[in-house]
Amino acid sequence: MRNGLLVLCACLLLLGGCKADLYSNLTEVEANQMLAALMTSGIPAEKANMGETFSVRVEEGDMVRAIATLNAKGYPRSTRDSIGSIFQKSGIISSPFEERVRYIYALGEDVAQTLSEIDGVVAARVHVVLPDQPQLGQPVKPSSAAVFIKHEPTVDLEFFVPQIRRLVSSSIEGLDYSAVAVILTEALPTEIESPALDQSVAEVMPGLRVMQADAVYFWRLVYVVGAVVGILFLLVLITGFGYLSQRRRNGSRGAARTIEVADTVLEPS
């Protein structure tokens, strides 16, 4: 009976723990940020430790809504190459042109990473133009930069445009404040039809109807309960057969003893 209770508890835990990994191979900071974003949006989620990395898990029915919610908030953050990774030492000799292109790219990535830290920013890109040194007698071409920022609709970043231009111009040598163009755009709100709003009715059994969205959970419950009942029935049968076999063995031993006693009494002295 104790084994049957353990099996029942295990099946109930499996029924209640139907969660799937939403994102994995995350750092603890990224996992906490995603967890906070999901829970503030009313989506139950949990963080699982996978050793050196973490994963965020949600219910299977909330998977689509969770992905849309995180995408609207700019998660997962895109990984950017830093100046250190761009200019890491290698045995291959690069040309001056390649070194310059990599340097400009690394500058834009570092500045974009800083802009991504602003609250409400979903995505940030910085395109830097640094002309080559002019030859003798040629006019000097000024440097320029274009900043693209996509932000949440509830956040107004127009007030921060002067600060953004000042940050970019101060981060790149030779870049004038007036040569920085900033473009702000609002992220479109994500509209997801919740499965709970499905009011259609499905007949799962003759005379028994449930909501269409709950039909999957109903059959899952039926299968789990049927498996538990079947396991308990087998345990009862095994216990009953064992008990009957024990009684038969005890009865055979008692009958043999009775015959021995009767033979002793009937034996002439």
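So, here is what we can say about the structure in this document.

## Observations regarding the overall build of the protein
Part 1 of the argument: When you go through the protein residue by residue, the secondary structure sums to seven helices and eight strands.
Part 2 of the argument: Within the protein, the proportion of its 269 residues that are buried is 24%.
Part 3 of the argument: Across the protein, contacts joining residues at least 24 apart in sequence account for 59% of those joining residues at least 6 apart.

## Focus on the sheet that holds strand S1 (residues 19-26)
Part 1 of the argument: Taking strand neighbours across the sheet as the criterion, the three strands line up as S1-S3-S2 in an open arrangement whose pairing is antiparallel. The sheet terminates laterally at S1 and strand S2 (45-49), the two strands that pair on one side only. Recorded for the sheet is a direction-independent mean angle of 25° between the axes of neighbouring strands.
Part 2 of the argument: The sheet strands contacting helix H3 (residues 63-72) are S1 and strand S3 (54-59), and the helix crosses S1 at an angle near 30°.

## Regarding H3
Part 1 of the argument: Those residues of H3 that sit buried are Met 63, Ala 66, Ala 68, Thr 69 and Leu 70.
Part 2 of the argument: Its buried side turned inward, H3 meets S1, helix H2 (28-40) and S3.
Part 3 of the argument: Positive phi shows up at Gly 74, right after H3, with a value of about 85°.

## Thoughts on the pattern of salt bridges
Part 1 of the argument: All chains considered together, the criterion is met by four salt bridges.
Part 2 of the argument: Residue Lys 47 is joined to Glu 28 by a salt bridge in which the shortest nitrogen-to-oxygen separation is 3.6 Å. With Lys 47 in strand S2 and Glu 28 in helix H2, the pair connects residues that are 19 residues apart, well separated along the chain.
Part 3 of the argument: The partly exposed category is assigned to Glu 28, whose relative accessible area is 41%.
Part 4 of the argument: Two residues, Arg 57 and Glu 46, come together in a salt bridge whose shortest N-O distance is 4.0 Å.

## Section: unusual backbone geometry
Part 1 of the argument: One non-glycine residue, Asn 25, lies in positive phi territory at about 55°.
Part 2 of the argument: Within the fold, Asn 25 resides in strand S1.

## Here's the deal with the sheet that holds strand S6 (residues 180-186)
Part 1 of the argument: In spatial order, the strands read S4-S5-S6; together these three strands make up an open sheet with mixed pairing. For this open sheet the edge positions go to strand S4 (121-129) and S6, each flanked by a neighbour on one side alone. Between one strand and the next, the sheet's axes are offset by a mean angle of 10°, whatever the strand orientation.
Part 2 of the argument: Pairing between S4 and strand S5 (residues 144-151): eight bridges, direction antiparallel. For Val 129, the partnering residue across the bridge sits in S5 and is Ser 144.
Part 3 of the argument: Packing of helix H6 (residues 161-171) onto the sheet brings it into contact with S5 and S6, and relative to S6 it is tilted by some 135°.

## Concerning the packing of H2 against H3
Helix packing for two helices is described by the angle between their axes and how far apart those axes are.
Part 1 of the argument: At a minimum axis distance of 10 Å, the contact between H2 and H3 shows a crossing angle of 115°. In terms of orientation, H2 and H3 fall into the roughly perpendicular class. Crossing hand, H2 versus H3: right-handed. Note on element contacts: H3 touches H2 through Ala 66, Thr 69 and Leu 70, opposite Met 34, Ala 37 and Leu 38.
Part 2 of the argument: Grouping the constituent residues of the contact of H2 with H3 by class yields five nonpolar, one polar and no charged.

About the cut-offs
- Residues numbered from 1 in each chain as written.
- Predicted model: local features only at pLDDT ≥ 70, side-chain atom pairs only at ≥ 80, totals over all residues.
- Heavy atoms only, no water.
- Helix = DSSP H or I, 4+ residues; strand = E, 2+ residues; numbered from the N terminus.
- Buried < 20%, exposed > 50% of the residue type's maximum accessible area, 1.4 Å probe, protein only.
- Contact = heavy atoms within 4.5 Å.
- Pairing = 2+ DSSP bridges.
- Axes fitted to C-alpha atoms, helices over the stretch in contact; angles between N-to-C directions.
- Salt bridge = Lys/Arg side-chain N within 4 Å of Asp/Glu carboxyl O.
- Parallel < 35°, antiparallel > 145°, perpendicular 65-115°, else oblique.
- Left-handed = near helix turned anticlockwise from the far one by under 90°.
- Nonpolar A, V, L, I, M, F, W, Y, C, P; charged D, E, K, R; others polar.

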